[in-house]
Amino acid sequence: MDRIRIRGGRPLSGEITVGGAKNAALPLMVAGLLTDDRLILSNVPRLADIQTMSQLLEQHGIAVDFVTNDGRTLSLGGAITNTEAPYDIVRKMRASVLVLGPLLARVGEARVSLPGGCAIGTRPVDLHLKGLEQMGARFNLANGYIDGKVDGRLRGAAIVFPFVSVGATENLLMAASVADGRTVLANAAREPEIGDLAACLVAMGARIEGIGSDTLTIDGIAKLHGAEHAIIPDRIETGSYACAAAISGGSVFLRGARLDHLGATVRILREAGVDIVEELNGLTIRRLNGLHGADVMTEPYPGFPTDMQAQFMALMSVAEGASMVTETIFENRFMHVPELNRMGARINVHGASAIVRGVPGLSGAPVMATDLRASLSLILAGLAAKGETIVNRVYHLDRGYEAVEQKLAACGVDIERISG
Ligand code: EPZ
């Protein structure tokens, strides 16, 4: 298993290009199931999860071809020949469950492995199933699989989500685009990735109102046609490297980053002492003076993202004063805490909240990555720590961050990947 070694203490200085958003690219690739025409996606990040999604769609009958040699433009096309999403793929990537709605909408049946839990929580999919049932699907759950069937076409329905779910919103938005009649999704997720998916579906001929709001109205049509779509930049990668610049006391230009996608992250980082300046085609991130403790509660967009919680906690571990970090989205997303504490952080967890008491400095140590965003938080701590930090199990990192060591090394960081 690969490891990453960092020798801390150097302030970042230079430029990092922000890649396409992983959490937009995955549902956008699934949209390839909704048409027999070609769907061309550009600005695709080169990540393990993208490979896994390609594998999943290929076994459904959708050809996934990289049309440029930089591997950042995908062409998806073909007819659905298989409606089963097998356990050995789904267990690697929970976003596989997004094929459920499109398969039911297009061919009236789907057999999708239950994703099961993951490190950060049980991650149920009941909202996906309940919404599709309201549209006429019937499900049988047995042997770890979801067996879905529809007599005829899915029908439009008025669906109110009891709480915000990104995946359930995406699954039902795609299904509703080719259902019979009108669907209203109330209390829908408003993450920029939903807006990007909706924009692509509209380019494919879908009829969607309320994009960007918490109420989406979709008038289903029989078939969607092909389209070309450029994926939005990754706001979590942006926030992660903003924390890297801040924790190292450096200054970085994040090329392609969009301030308008960062929601509450901007206010919270500025409150903590991070200087964020919007430029023509990106953001300049600097730390002018010391960092100060700031309280944060994770919330659905435009609130502070749960996917930024671990990174922010690493930043607050070396701030002046204390910071209260409350995780409201997932039930087990503090696994980075014991690892950060091994590096000298002073973090106490009480239920869904953690109190972070800033310390003057961290010390390098061997640490264990437990999930995607926790991996990045340990790298951030390594940037600030005195001495050497070895981050183990970086396969977690490779699922969602492209070329981290290259991007940081280009900004002066002493970092390398140790294979094997
Ligand atoms: C998406 O996951 C993201 N993944 C996650 O990013 C992100 O943390 C999450 O949204 C929240 O923003 C992708 O987009 C591929 P949810 P998703 O449905 O859709 C519960 C990363 O690091 N829930 O919004 O699975 C669920 O357990 C990943 O890039 C149900 O109870 O998240 C959670 O507590 C991690 N029943 C909460 O809702 C359901 O049917 C929010 O989950 C669905 C969700």
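For the structure, check the block above.
Being a predicted model, the structure only gives us computed values, none of them experimental.

**Q** Honestly, the sheet that holds strand E19 (residues 322–326) in this entry has me stumped. Any pointers?
**A** The pairing of strands in a sheet comes from backbone hydrogen bonds and takes either a parallel or an antiparallel form. Sheet architecture is open: 4 strands sit in the order E18-E19-E21-E20, paired in mixed fashion. Strands at the two margins of the open sheet, each flanked by one partner only, are strand E18 (296–297) and strand E20 (346–350). In this structure, E18 lies alongside E19, joined through 2 bridges in parallel fashion. Residue pairing across strands places Met297 opposite Thr326, the latter belonging to E19. Its contacts with the sheet place helix H10 (residues 309–316) against E18, E19, E20 and strand E21 (353–357), and it is angled at close to 170 degrees to E19.

**Q** Would you mind going over the side chain of Thr238 with me for this structure?
**A** Mapped onto the elements of the fold, Thr238 is located in helix H8 (residues 235–248). Looking at Thr238, the relative accessible area reads 3%, which means it is buried. Ignoring any residue separated from it by four or fewer positions in sequence, one finds Thr238 in contact with Val18, Leu254, Ala257, Leu262 and Leu283.

**Q** Just checking my understanding: could you explain the nonpolar core for this structure?
**A** The nonpolar side chains of a soluble globular protein tend to be buried, and buried together. Counting 75 residues, the largest nonpolar core has Leu132, Met135, Leu154, Leu173 and Leu201 as its most contacted members. Those residues within four positions of Leu201 in sequence are excluded, and the remaining contacts are Ala31, Leu34, Leu173, Met174, Ser177, Ala206, Ile208 and Leu224. Membership of the second largest hydrophobic core comes to 70 residues, among which are Ala245, Leu269, Leu362 and Ile415.

**Q** Would you explain the packing of aromatic side chains in this entry?
**A** For any pair of aromatic rings, the description rests on two quantities: the centre-to-centre distance and the angle between the ring planes. Taken as a whole, this structure holds 1 aromatic pair when the rule is applied. Where Phe304 meets Phe312, the ring centres are 5.5 Å apart and the plane angle is 65 degrees; that geometry is what we call edge-to-face. Given the relative accessible area of 2%, Phe304 is considered buried. The side chain of Arg111 reaches across the aromatic face of Tyr145, ending 4.0 Å from its centre.

**Q** I'm lost on the sheet that holds strand E11 (residues 182–186) in this one. Help?
**A** Here we have 4 strands laid out as an open sheet, ordered E10-E11-E13-E12, and mixed in their pairing. Unpaired on one side and paired on the other, strand E10 (158–160) and strand E12 (207–209) mark the two borders of the sheet. Here the average twist between neighbouring strands, direction ignored, is 15 degrees. Both E11 and strand E13 (residues 215–219) contribute to a ladder of 5 bridges, which runs antiparallel. Directly across from Val184, in E13, lies its bridge partner Thr217. This element, helix H6 (residues 166–177), spans E10, E11, E12 and E13 of the sheet and lies at about 25 degrees to E13.

**Q** What's the story with unusual backbone geometry in this structure? I'm lost.
**A** If a residue is not glycine, its phi is most likely negative; likewise, a peptide bond is most likely trans. Between Tyr301 and Pro302 the backbone carries a cis peptide bond, its omega angle lying at 10 degrees. For Pro302, the location among the structural elements is in the loop between E18 and H10. Notably, Asn43 is not glycine yet its phi reads approximately 60 degrees, a positive angle. The topology assignment puts Asn43 in the loop between strand E3 (39–42) and helix H2 (48–60).

**Q** Can you walk me through the site of the ligand in this structure?
**A** Neighbouring the ligand are 20 residues, the closest being Asp126, Ser165, Gly167, Asp307 and Ile329. Taking Lys22, its side chain carries an N or O atom lying 3.0 Å from an oxygen atom of the ligand. Protein contact buries 86% of the 830 Å² of open area that the ligand shows by itself. Residue assignment for the shell around the ligand shows that the elements contributing at least two residues are helix H1 (22–30), helix H5 (126–134), H6 and helix H12 (372–384). It is H5 that provides the largest number of residues to the shell around the ligand, a total of 3 residues. Of the residues contributing to the shell around the ligand, the split by class is 9 nonpolar, 5 polar and 6 charged.

**Q** What is the right way to look at the pairing of strand E14 (residues 227–230) in this model?
**A** On a regular strand, each side chain points to the face opposite its neighbour's, so the side chains alternate between the two faces of the sheet. The side-chain alternation of E14 yields one buried face, formed by Ala227 and His229, and one unburied face, formed by Glu228 and Ala230. Taken together, the 4 bridges between E3 and E14 define a ladder with parallel strand orientation. Note on E14: the bridge partner recorded for Ser42 is Ala230.

**Q** Please explain the pattern of salt bridges as it appears in this structure.
**A** Any two side chains of opposite charge can pair, so long as their charged atoms come close to each other. Going through the model one piece at a time under the given rule, you end up with 27 salt bridges. Residue Lys22 is joined to Asp49 by a salt bridge in which the shortest nitrogen-to-oxygen separation is 3.9 Å. With Lys22 in helix H1 and Asp49 in helix H2, the pair connects residues that are 27 residues apart, well separated along the chain. With a relative accessible area of 2%, Asp49 lands in the buried category.

**Q** Looking at this model, I keep getting lost on the packing of H1 against helix H7 (residues 192–203). Mind explaining?
**A** Each pair of packed helices gets described by two things: the angle between the helix axes and the distance between those axes. As a packed pair, H1 and H7 sit with axes 9 Å apart at the nearest point and diverge in direction by 35 degrees. Pair H1 / H7 crosses with right-handed handedness. For the pair formed by H1 and H7, the contact residues are Asn23, Ala24, Pro27 and Leu28 on the first element and Glu193, Asp196, Leu197 and Cys200 on the second. For the contact of H1 with H7, the residue count by class is 5 nonpolar, 1 polar and 2 charged.

**Q** I keep staring at the state of the cysteines and nothing clicks. Help me out?
**A** Applying the stated criterion to the full structure yields 0 disulfides. Cys411 forms no disulfide, and the closest cysteine sulfur to it belongs to Cys243, at a distance of 15 Å. Classification of Cys411 as buried rests on a relative accessible area of 2%.

The rules behind each value
- Residues numbered from 1 in each chain as written.
- Predicted model: local features only at pLDDT ≥ 70, side-chain atom pairs only at ≥ 80, totals over all residues.
- Heavy atoms only, no water.
- Pairing = 2+ DSSP bridges.
- Helix = DSSP H or I, 4+ residues; strand = E, 2+ residues; numbered from the N terminus.
- Contact = heavy atoms within 4.5 Å.
- Axes fitted to C-alpha atoms, helices over the stretch in contact; angles between N-to-C directions.
- Buried < 20%, exposed > 50% of the residue type's maximum accessible area, 1.4 Å probe, protein only.
- Core = buried A, V, L, I, M, F, W, Y, C linked by side-chain atoms within 4.5 Å.
- Phe/Tyr/Trp six-rings, centres within 6.5 Å; stacked < 30°, edge-to-face > 60°.
- Lys NZ or Arg CZ within 6 Å of the ring centre and 35° of its normal.
- Near = heavy atom within 4 Å.
- Polar contact = N/O pair within 3.5 Å; in protein donor to acceptor, adjacent residues only side chain to side chain.
- Areas by Shrake-Rupley, 256 points an atom, 1.4 Å probe, with all protein chains shown as cover.
- Nonpolar A, V, L, I, M, F, W, Y, C, P; charged D, E, K, R; others polar.
- Salt bridge = Lys/Arg side-chain N within 4 Å of Asp/Glu carboxyl O.
- Left-handed = near helix turned anticlockwise from the far one by under 90°.
- Disulfide = S-S within 2.5 Å.

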